[in-house]
Amino acid sequence: MDVELRQLRCLVAIVDEGTFTDAAIALDVSQAAVSRTLASLERALGVRLLRRTSREVTPTAAGLRVLAHARRVLAEVSELVRAATSDHTSLRIGYAWSAVGRHTAAFQRRWAAAHPETDLHLVRVNTATAGLAEGSCELAVVRRPLGDDRRFDTAIVGLERRLCALAADDPLARRSSVRLADLSDRTLLVDRRTGTTTADLWPPDARPATEETHDVDDWLNVIAGGRRIGMTAESTAHQYPRPGVVYRPVRDAEPIAVRLAWWHDDPHPATPAAIELLTELYRDG
């Protein structure tokens, strides 16, 4: 089955313009070409897409389904072309759970002032590379090493404290800080794909039980219910304050390195500027 973009554009134009004549004008082709293109699409799909009367053209039930998909396909193609030909006029920075915490607003504002030629977009993608491997962004904020994956380069821009997330009525919530030993008899919620903490943070003979989660909202809801605890970077507390959840520093846990990651063979021209600004924000903050 061969379905071409020109066929999808033709179908959308006929429906949007209302007649074959107006669709031909919009597409800058002849009316006969519009009729042939629609007919070829209907043959390829094996279904009738439009009903024609002397007064109007209306989609069939199958036509409505195809039309919805056609609009999405054409929008995706337009976005593909825009991404390939944008000449780096935008910079998408992906992140999994939290962007850069309390520095997020300052980063966005200072970037806009210093680099008005490059639009900054923060994109939440809950994958190990925060959308980098998936093509969702040109830079990614990651809080765990990417290992031996040579496709990417990284730079550490700052450090963040580890915090324990607890229900507000948990006895430990009354403390100003906690230790790892205080948590060893609890059940820890972890995200193995993107999270910064595993049971390996504890000594082998004092590791907490773990339960897996994959979404920060679910993580917060379970913790607020008092059934589990969490361990996270300081940025999560700034980006996701939640009634019923408190965050406490873990005194004897190592801080978390915040890294920017990018494609080794295709770095965005604005990468050095982003590294410099974030490093400055973390240092001064």
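Let me begin by describing the structure that accompanies this report.

### Thoughts on the overall build of the protein chain
- Tallying secondary structure elements over the protein chain gives eight helices and twelve strands in all.
- Over its C-alpha atoms the protein chain spans a radius of gyration of 26 Å, topping by over 25% the 19 Å that the globule rule assigns to 285 residues.
- Here the protein chain, with 285 residues, has 45% of them falling under the buried criterion.
- Accessible area of the protein chain: about 15200 Å², with a carbon and sulfur share of 49%.
- The distance from the centre of the 37 positive side-chain charges to the centre of the 39 negative ones in the protein chain is 5 Å.

### Looking at helix α8 (residues 271-284)
- Taking 1.5 Å per residue, 14 residues should reach 20 Å; α8 reaches 20 Å between its end C-alpha atoms and fits that length.
- For α8, the complete set of buried residues consists of T271, A273, A274, I275, L277, L278, L281 and Y282.

### Focus on the nonpolar core
- With 37 residues, the main nonpolar core has F107, W111, W219, Y247 and L260 as its most contacted residues.
- At seven residues, α8 tops the list of elements feeding residues into this core.
- Aside from chain neighbours lying at most four places away, what touches F107 is I93, V100, L120, A274, L277, L278 and L281.
- Counting 19 residues, the second-largest nonpolar core is a separate cluster that includes C10, F20, A24 and A70.

### Points about the side chain of T236
- Note on placement: T236 falls in helix α7 (residues 234-239).
- Contact partners of T236, with chain neighbours within four places excluded, come to S98, V216, W219 and Y247.

### Observations concerning the pattern of salt bridges
- Counting across every chain of the model gives 15 salt bridges.
- Residue E160 pairs with R143 through a salt bridge whose shortest N-O separation is 3.0 Å. Of the two residues, E160 is situated in strand β6 (residues 152-160) and R143 in the loop between β5 (139-142) and β6; the sequence distance between them amounts to 17 residues. You'll find E160 and R143 in the same group, each marked buried.

### Thoughts on the environment of H69
- Inspection of the secondary structure puts H69 in helix α4 (residues 61-85).
- With relative accessibility at 49%, the residue H69 sits in the partly exposed group.
- Residues H69 and L8, spaced 61 residues apart in sequence, show a C-alpha to C-alpha distance of 9.2 Å.

Reading guide: rules and limits
Residues numbered from 1 in each chain as written. Predicted model: local features only at pLDDT ≥ 70, side-chain atom pairs only at ≥ 80, totals over all residues. Heavy atoms only, no water. Helix = DSSP H or I, 4+ residues; strand = E, 2+ residues; numbered from the N terminus. Rg over C-alpha atoms; globule rule 2.2 N^0.38 Å. Buried < 20%, exposed > 50% of the residue type's maximum accessible area, 1.4 Å probe, protein only. Areas by Shrake-Rupley, 256 points an atom, 1.4 Å probe, with all protein chains shown as cover. Lys, Arg positive; Asp, Glu negative; His and termini not counted. Charge placed at Lys NZ, Arg CZ, Asp CG, Glu CD. Expected span 1.5 Å × (residues − 1). Core = buried A, V, L, I, M, F, W, Y, C linked by side-chain atoms within 4.5 Å. Contact = heavy atoms within 4.5 Å. Salt bridge = Lys/Arg side-chain N within 4 Å of Asp/Glu carboxyl O.

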